[in-house]
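Tertiary structure, described
Here is how the chains run, residue by residue.
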Amino acid sequence: MEKQHSLKSEELAAQKTAMIGRSIALLLIAPLVTFLAPWPGPIFIYILLIVFLVLGWAAWRVANSKWGKPWHQYLFVTVDFMLMTVALLYPNPFVPIDYPPQFTLRYGSFIFYFVLLTGLVYVYQPRLVLWGGLSAAASWSVAIAWLISLPDTIWRQPEGMSVEATATFFAQPTFIDIDIRTQEIVVLLIVAGLLALAVRRSRMIALRQARLARERENLGRYFPRKTAQMLADRSDPFSTPSEHDAAVLFADLVGFTTWSDKHTPGETIELLREVHGLLAQVVFHNDGTLDKFIGDGMMATFGTPEPSERDASSALAAMIEMVEKFEILKNNSKLLQSGNLELAVGIHYGPIVMGNIGSEDRLEFAVLGDTVNVASRLEGATRQVGCRGLASSALIDAANKENHPESSKNMTKLERQKPIMLRGLSSEMLVFKFQ
């Protein structure tokens, strides 16, 4: 649906461009006929040009409206070519020259059909281009058939005529050369077909670009804007696993299970959207990568897919900002106020392994390693310590080495704790708590 919506927007923008081009073309035709047609003959042509101008903008307005239907565009195209046929073959009532209607074919005005036809190329609709070619061919064929049906029309050349007699025969004002008229129709249909193929190709390219834009937008839901741009520009950024130091953050909604037992599924989803939206916003604000949502919690990394000079500082800032903004959200959200819910955050810094895991049929980008496990356990240890945020000494040391101005301010909000034992570790770990 997003792809079709994106293409529809491109079609409307292209159609507006086509209408502007059509208007310019009509304005250029106006002075041309001023010099070609004897006065007051151009007045009739000016009226027709105004009608064409109104029809073009009306077609765009209808396509841009909420009530416009696809068949409306086909109707406008049909009317366009019918009006063009009338303009080319109907005797100009302002020209004081009495000549038969068959004589209008001598002016070579058929080429104006191609002006209308090429205007349809802009709308990314190959069927509409084909329909335009068929409408033009049908209108012209009907008009030629009507001229042939006139009693004074001459269109069959007798056999055995000399060159001089043939020239005299062709020069008669009511003569119609069927071969030339047939060539005009065939060439018009060929051009319409070729243009439709070109438009089909352009439409495929537009769809591909819409898909790429959607994929880049999806990347932006997991990565900061700069990172998403980098990933979009690379052909295969995760073909081989990479290992480097990064910061890992885990956040969890404490008391959520008890709270959800007392609320409806709809309220549960609404709460998760509020909390997840806040957490994701904080991660992106601090140039982090949203790795995944885990039930009522989340995992984020700072320094993936490539490390920077402030990954530990960014993770520390994100932890503090999450806790502080969660308190603000808690005071303004009726759902959060309806239960004893708290946010717990744990952060750690160290080596991680980054790459694709899974099978050929289903791949998932993952960040693995002991650093991830320790960060998860630090988040769980906030209950033991009695705080809402825990940072490892490794992360604090890394933040000090980065010497970022914001880190010094954030350090003053932390309190050093006695070493604690985390599950899976052989020795105690020095930690710093926030509130």
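Residues numbered from 1 in each chain as written. Predicted model: local features only at pLDDT ≥ 70, side-chain atom pairs only at ≥ 80, totals over all residues. Heavy atoms only, no water.

**Quick look at the nonpolar core**
By size, the foremost hydrophobic cluster in this structure holds 43 residues, and its most contacted members are M319, M322 and L395. Broken down by element, this core gets its largest block of residues, nine residues, from helix 11 (residues 311–332). When sequence neighbours within four positions are dropped, the list of residues in contact with M319 reads L249, V345, I347, G389, L390, A391, L414 and F434. F44, L83, I185 and L188 belong to the second largest nonpolar core, which has 40 residues in total. (Core = buried A, V, L, I, M, F, W, Y, C linked by side-chain atoms within 4.5 Å. Buried < 20%, exposed > 50% of the residue type's maximum accessible area, 1.4 Å probe, protein only. Helix = DSSP H or I, 4+ residues; strand = E, 2+ residues; numbered from the N terminus. Contact = heavy atoms within 4.5 Å.)

**Some remarks on the pairing of strand 8 (residues 431–434)**
On strand 8, burial covers both faces: V431 and K433 on one face and F432 and F434 on the other are all buried. In terms of strand pairing, strand 7 (residues 414–416) meets strand 8 through three bridges, oriented antiparallel. Counterpart to R416 in the pairing with strand 8 is F432. (Pairing = 2+ DSSP bridges.)

**Examining the packing of aromatic side chains**
One pass over the full model with this rule turns up seven aromatic pairs. Of the aromatic side chains, those joined through ring pairs into one cluster are F81, F110, Y113, F114 and W140. (Phe/Tyr/Trp six-rings, centres within 6.5 Å; stacked < 30°, edge-to-face > 60°.)

**What about the confidence of the model for the protein?**
Taken residue by residue, the protein gives an average pLDDT of 82. The fraction at 70 or more is 86%. Mean pLDDT values over the elements of the protein span from 58, in helix 8 (residues 225–233), up to 93, in strand 6 (residues 389–392). Here residues 1–5 is a poorly scored stretch, pLDDT under 50, and it has five contacts once near neighbours within four places are set aside; other chains count. (pLDDT = per-residue confidence, 0-100.)

**Some words on the packing of helix 10 (residues 265–285) against helix 11**
How two helices sit against one another is set out by the angle between their axes and by the gap between those axes. As a packed pair, helix 10 and helix 11 sit with axes 10 Å apart at the nearest point and diverge in direction by 145°. As helix 10 runs across helix 11, the sense of the crossing is right-handed. For the pair helix 10 and helix 11, the contacting residues are E274, V275, L278, L279, V282, V283 and H285 in the first and A318, E321, M322, K325, F326 and L329 in the second. Tallied by class, residues from the contact of helix 10 with helix 11 come to nine nonpolar, one polar and three charged. (Axes fitted to C-alpha atoms, helices over the stretch in contact; angles between N-to-C directions. Left-handed = near helix turned anticlockwise from the far one by under 90°. Nonpolar A, V, L, I, M, F, W, Y, C, P; charged D, E, K, R; others polar.)

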